[in-house]
Amino acid sequence: MANGKSIMVDTSRCTACRGCQVACKQWKGLPGTKTKQTGTYQNPPDLSAQTLKLVRFSEGVKENGKPFWYFFSEQCRHCVEPPCVDAIGDDAAANKDDATGVVLFYEKSKEATFEDVRTACPYNIPRQDEKTKVLVKCDMCIDRITNNRVPSCVLSCPTGAMSFGDRDVILDQAKKRVEVLKQTYPKAAALNADEVRVIYIVTDDPTKYHEFAVV
Amino acid sequence: MTNHYIDIRNADVILIMGSNAAEMHPISFKWVLRARETRGAKIIHVDPRFTRTSALADHHVPLRSGTDIAFLGGMIKYILDNNKYFEEYVRDYTNASCIIDEKFEFKDGLFSGYDPATRKYDKATWVFKKDENGIPQKDPTFQNPRCVLQMLKAHYSRYDLEKVSSITGTPVEDLKTVYELYASTGVRDKAGTELYALGWTQHTVGVQNIRTMSIIQLLLGNMGIAGGGINALRGEPNVQGSTDHAILSHILPGYLKAPVASLATLEDYLKKNTPTTKEPQSANWYQNTPKYMVSLLKAWYGDKATKENDFGYAYVPKLDDGQDATLLNMIDAMYEGKVKGFTCVGQDPACSLPNANKVREAFTKLDWMVHMNIFDNETASFWKGPGMNPKKIKTEVFLIPVAASMEKEGSMSNSGRMLQWKYVAEKPPGDALSTGDVVIRLMNKLKALYKKDKGVFPDPIVNLAWNYTDQQGNYDPLGVAKAINGLFTEDVTIGDKSYKKGQCVPGFANLQADGKTSCGNWIQCGSFAADGTNLIARRKKDDPTGLGLYPDWGWAWPVNRRILYNRASVDKDGQPWDPSRAILKWENGKWVGDVPDGPWPPLSDKEKGKLPFIMKPDGVGALFGPGLVEGPFPEHYEPLEGPLSKNLLSAQLTNPTIKIFKKECDVYSGCDPKFPFVCTTYSSTEHWCTGAETRWQSWLTEAQPQAYVEISKELAELRGIKNGEQVRVESPRGKVECVAMVTTRFRPFQIGGNTIHQVGMTFNYGWLFPKDCGDTANLLTPTVGDANTMTPEYKAFMVNVTKV
């Protein structure tokens, strides 16, 4: 393994079709939840024990007076040094997979203090299953990637906004993509690329995409 | 599409207008973005609303719904005024040089020959002056003021930037940006493509919207080339296939014209519908109509179709002369009680057709309705819908469960006219049958009944060839596909090749008008090889041109040609305008690349060479196009319901040739303070059409749970509406309650000096399920259609929006 695995999410190629959001639920067997239209395309409103991947929508007006609409297909970043694993502090409840670097929560995580874990995560990712108290988040489809398949979300993407592979390759790819994008968008960046395995590429101020886009 | 999905990657400028490609055709955007990333293509989105397409475009340019012809007319003026057109192409491959009849004129919104009583034109003057041999007179120098190019220039001289801006609401600077960028493709080594969908078709001037763009593509030399074309992104995965197979009332399979009552014999029909030409270098491909029609009759009636009985032409149902049997008229007749029974397959007209209250009321007049679908929907259950009293409704409804697309084998035709073969992934649940099996069983029963009980005219049913079943008596998709391709009905020798009776006909050039071939749809002839190989099922990934044609993947009609009119991509000597995008090239006496539009040598061969637009009798692209009912040059007319009392370009406010429906429920409002806002309707990525299939899918309803109306911040302030509040949207025909989505993605327009607000709704909802999702936006839309096609004007009408 070359430094484990990584995913690149290139928001400049994302049309917010939400194929990834649905594909995640399909592979994980998670139900659609009852939602309301509250005046936004973003639905469900937040991550939950039933929603591990969520496309966030953010709109506004640019300096030049033209509208913008940014999409942020959110999921666990799978930190290289995951603070959630430290917060849980029990290898049987949460750990980092040696081969892939994927951060995994297990059933025993129900014994952890959820608020501690949640606040430990700078990206506001972990959620708790209300009934079982187990902590949940994306596991990068560990069952798929250890069987020579790409994560379900990556497979579903029609425009190539998501790619998966060896971390070194993905890092290189992200670097090159940012260089290209910078020619048009000076603010283009790969967010926290050195610290996370799920690397988002944006073309504008990351907080315009999502409050917890970057650390 | 004249081109195909992958070909979008070959474009330098991509104009998306009349389409929300990223949301409605997500896969198209793979190729749109590929064009940007590999060749620096620019993406322009012209749309009233800032959508997920706009979010990824280089330029989003707003326009008021229903003003596309004004916008594009301004582009034609820009191209002509600034000499941005591709002169050689325009001169040799279009009718730009033809001289128009002296009596033809255009005055204050009307062309010559209009009769206000019938709302129709006499097209006698919409013709070219002919020489003594019957060939159109031409001036290749374009000096003659009556030549098409000059007349085109004169027609659009009124469409200046300020005028266009005051109609469309598009800022002048934005107009200039789009015009300059798109016109930059009018050179040899640049290609511009246009992607449209229902945003252009669903207007009272729908076909003319597309015509206007076709004129632009011809002027810029963008038709027939890689990365060019006029590309309709079709909706349902097989809507292209259903159109090809004549799901419409005015055509037979393969776009042959539907016969009318006055054409009593096959000879009458063929004489009327087979075009002729005097143009020496025109292929006039439709001169082959007799071969296609006779082969179609042979496919339908088999051995019972003989020369002596006109090959069974008398069996084919005829339209009354002048009859329009499209949906809006069908519902109108149903509303009057003239239609007793209704078979509805895979649709939800109680939500999908305009003026849904009228449609639902019309269903109560039926004796029976047979509905085939994978789920119950608002149509099958109309009798228990809002405002209905089941006790007073006599209509008996039969809901027949049928298989979904993944449960059926057969071909699917995509937007790029490519057929791909699919297999059964899963057997249909319970008693559900494929629609093919339902039809087989129904016809078997009918045939048996007519054989036994006779009846007034049993021949068309008794004599129908009906060998579409396998040994178990089930629908045989492969057999049907072969019948569509066509078979030799006896041993035949064509040139140096001999074929046995029963062999597949390898291409429509082999079809015969004497009954020796059968063919269920001439445009699909050649989808099977003579040895019976199913070319639709091919899966080879070779790409010899490197331009993404993939000729051995599936099969595209016609004759596996991937880009239509491709003879226009080369000069008169057969050399590509742009060698880096050579889909076709004349090399050592033969064509290399895509399947050429006919085998003939290039045009410079005065004896054998042919003009590129082989489906037109004159062989050239029609800048002057007298085929449509409104006129040979597209003209801006306001939607039937609009915010203006006067068309800023002429005295003619609306399309003079549309049909005005006059039932008491067909009420319209133009420029009425009670309904001050322009409204448009559309779909979302998350639902399919009325949502009749997708609303049952919890992952999708979770993402888009309830009906909403998108309104600007300015309008919200005006009406005291907050984001997420419940509002009422009302038109003269109905009202719906839904959630207000207050957004910066809609902005007010400045139209003729006034601020005009536009709002938009999806048509993804209905009252049946989920219970709290809201009813259809089509309770608001008007019963009115395009003057040529009767496609409803879903995209522009007037409403009011108030807080509940």
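Now for a quick tour of the structure. (Residues numbered from 1 in each chain as written. Chains lettered and ligands numbered in written order. Predicted model: local features only at pLDDT ≥ 70, side-chain atom pairs only at ≥ 80, totals over all residues. Heavy atoms only, no water.)

A look at the packing of helix α7 (residues 161–168) of chain B against helix α8 (residues 172–183) of chain B
Residue and element names in this part refer to chain B.
Right, so step 1: Running from N to C, α7 and α8 point in directions that differ by 110 degrees, and their axes come no closer than 9 Å. Between α7 and α8, the crossing angle belongs to the class labelled roughly perpendicular. Handedness of the crossing formed by α7 with α8: right-handed. Between α7 and α8, the residues in contact are Leu-161, Glu-162, Val-164 and Ser-165 and Val-172, Leu-175, Lys-176 and Tyr-179, respectively.
Right, so step 2: In terms of residue class, the contact of α7 with α8 is made up of five nonpolar, one polar and two charged. (Axes fitted to C-alpha atoms, helices over the stretch in contact; angles between N-to-C directions. Helix = DSSP H or I, 4+ residues; strand = E, 2+ residues; numbered from the N terminus. Parallel < 35°, antiparallel > 145°, perpendicular 65-115°, else oblique. Left-handed = near helix turned anticlockwise from the far one by under 90°. Contact = heavy atoms within 4.5 Å. Nonpolar A, V, L, I, M, F, W, Y, C, P; charged D, E, K, R; others polar.)

Section: the sheet that holds strand β8 (residues 192–196) of chain B
Backbone-to-backbone hydrogen bonds pair the strands of a sheet. The strands run either parallel or antiparallel.
Residues and elements named next belong to chain B.
Right, so step 1: An order of β3-β2-β1-β8-β9 is seen for the five strands of this open sheet, with the pairing classed as parallel. Looking at the sheet topology across the chains shown, the edges are occupied by β3 (59–61) and β9 (230–232). Averaged over all neighbouring strand pairs, the angle between strand axes comes to 20 degrees, with direction disregarded.
Right, so step 2: Looking at chain direction, strand β1 (residues 13–17) and strand β2 (residues 42–46) are connected through five bridges and run parallel. Opposite Ile-14, over in β2, you have Ile-43 as the bridge partner.
Right, so step 3: Each of β1, β2 and β3 touches helix α4 (residues 68–81); the most contacted strand, β1, lies at about 155 degrees to it. (Pairing = 2+ DSSP bridges.)

Considering the interface of chain B and chain A
Right, so step 1: Between chain B and chain A, the contact holds 40 residues from the first and 39 residues from the second.
Right, so step 2: The junction of chain B with chain A conceals about 3,200 Å² of combined surface from both sides, 53% of it contributed by carbon and sulfur atoms.
Right, so step 3: Looking at the side of chain B facing chain A, the largest losses of area belong to B:Arg52, B:Trp699 and B:Glu702, adding up to 24% of the total buried there.
Right, so step 4: Our count for the contact surface shared by chain B and chain A stands at eight salt bridges.
Right, so step 5: For B:Asp772, the salt bridge identified is with A:Lys34, shortest N-O distance 3.3 Å.
Right, so step 6: The interface formed by chain B and chain A contains 21 residue pairs in polar contact (both at pLDDT 80 or more).
Right, so step 7: Of all elements in the fold, only α1 (21–24), α2 (26–39), α3 (52–56), α20 (698–703), β25 (708–712) and β27 (734–743) of chain B reach the threshold of two or more residues within the side of chain B that touches chain A.
Right, so step 8: Partitioned by chemical class, the residues of the side of chain B that touches chain A number 17 nonpolar, 11 polar and 12 charged. (Buried area = accessible area lost by both parts, 1.4 Å probe. Salt bridge = Lys/Arg side-chain N within 4 Å of Asp/Glu carboxyl O. Polar contact = N/O pair within 3.5 Å; in protein donor to acceptor, adjacent residues only side chain to side chain.)

Quick word on the pairing of strand β3 (residues 67–74) of chain A
Residues and elements named next belong to chain A.
Right, so step 1: By the criterion of burial, β3 is predominantly enclosed, with eight of the eight residues buried.
Right, so step 2: Alternating positions in β3 separate into two faces, Pro-67, Trp-69, Phe-71 and Ser-73 on one and Phe-68, Tyr-70, Phe-72 and Glu-74 on the other, with burial throughout.
Right, so step 3: Relative to β3, strand β2 (residues 54–61) runs antiparallel, the two being bridged by eight bridges. Bridge pairing in β3 places Val-55 opposite Ser-73.
Right, so step 4: Linkage of β2 to β3, two consecutive antiparallel strands, is achieved through a turn of five residues, within which Gly-65 is found at a positive phi near 90 degrees. (Buried < 20%, exposed > 50% of the residue type's maximum accessible area, 1.4 Å probe, protein only.)

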